[in-house]
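# Geometric and topological summary
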Amino acid sequence: MLALPLEGGWGPEWGIWWVLHYDLPTRRILEAPVWEVDLEGLVLREAGLALPDFLDPSVDGWVVVPEALEARWRALPEEQRKGLPRWWPAWDVATVWLRVWPGEERIRFLGTLGEVCPEQAVQALRTALV
């Protein structure tokens, strides 16, 4: 199970860290809905250093683990790093990006972003708004 955005809201993967780093902070973001999606039976692949094809019809979604990608990128020789754009830094947590939304029976409402995110993150957003 994983929290994901739906109906224009943000899940924690596009959560408070992302909002603060991309200059979008507003109090309304804390009211964005967060949903939990049952991933059982979906075809998921782990994203590699090259930008994944998010529209690939043979895959239901991609698992993006920023820390693992960063470690793999740093382990490469300098000349190999130059040809690989670091596309994952904007992903603040391990994320599953779904190409196709599963049926409604697979989705459960968890609460607002302000209720679901850790209190420390919520406080960081409120501080940024002052």
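Residues numbered from 1 in each chain as written. Predicted model: local features only at pLDDT ≥ 70, side-chain atom pairs only at ≥ 80, totals over all residues. Heavy atoms only, no water.

### Focus on the overall build of the protein
From N to C terminus, the protein includes five helices and six strands. Pairs at least 24 apart in sequence give 71% of the contacts found in the protein among residues at least 6 apart. Only carbon and sulfur atoms are counted for the fraction: they give 56% of the accessible area of the protein, which is about 7700 Å². (Helix = DSSP H or I, 4+ residues; strand = E, 2+ residues; numbered from the N terminus. Contact = heavy atoms within 4.5 Å. Areas by Shrake-Rupley, 256 points an atom, 1.4 Å probe, with all protein chains shown as cover.)

### Digging into the pattern of salt bridges
For the structure shown, the criterion picks out five salt bridges. Two residues, arginine 45 and aspartate 56, come together in a salt bridge whose shortest N-O distance is 3.5 Å. Residue arginine 45 is found in strand S3 (residues 44-46), and its partner aspartate 56 is found in the loop between S3 and strand S4 (61-64); the two are separated by eleven residues along the sequence. Look at aspartate 56 and you get buried, because its relative accessible area is 15%. Here arginine 86 and glutamate 70 are joined by a salt bridge, their closest N and O atoms 3.0 Å apart. Of the two residues, arginine 86 sits in the loop between helix H3 (78-81) and strand S5 (95-98) while glutamate 70 sits in helix H2 (residues 66-75), which places them 16 residues apart along the sequence. (Salt bridge = Lys/Arg side-chain N within 4 Å of Asp/Glu carboxyl O. Buried < 20%, exposed > 50% of the residue type's maximum accessible area, 1.4 Å probe, protein only.)

### Focus on the nonpolar core
With twelve residues, the main nonpolar core is built from Ala47, Leu49, Phe54, Val59, Trp62, Val64, Leu69, Trp73, Leu76, Trp87, Trp88 and Trp91. Once you skip the residues sitting within four places of it in the chain, leucine 76 turns out to touch Leu49, Arg81 and Leu84. The next biggest cluster of nonpolar side chains, apart from the first, holds seven residues, and it includes Ile29, Val34, Leu113 and Cys117. (Core = buried A, V, L, I, M, F, W, Y, C linked by side-chain atoms within 4.5 Å.)

### Comments concerning the sheet that holds S3
Strand order in this open sheet of three strands is S3-S4-S5, and the pairing throughout is mixed. Each end of this open sheet is capped by a strand with a single partner; those strands are S3 and S5. Direction aside, the axes of adjacent strands within the sheet are offset by 25° on average. As paired strands, S3 and S4 are joined by three bridges and run parallel to one another. Residue pairing across strands places glutamate 46 opposite valine 63, the latter belonging to S4. (Pairing = 2+ DSSP bridges. Axes fitted to C-alpha atoms, helices over the stretch in contact; angles between N-to-C directions.)

Function cannot be read off these values alone, since they describe shape.
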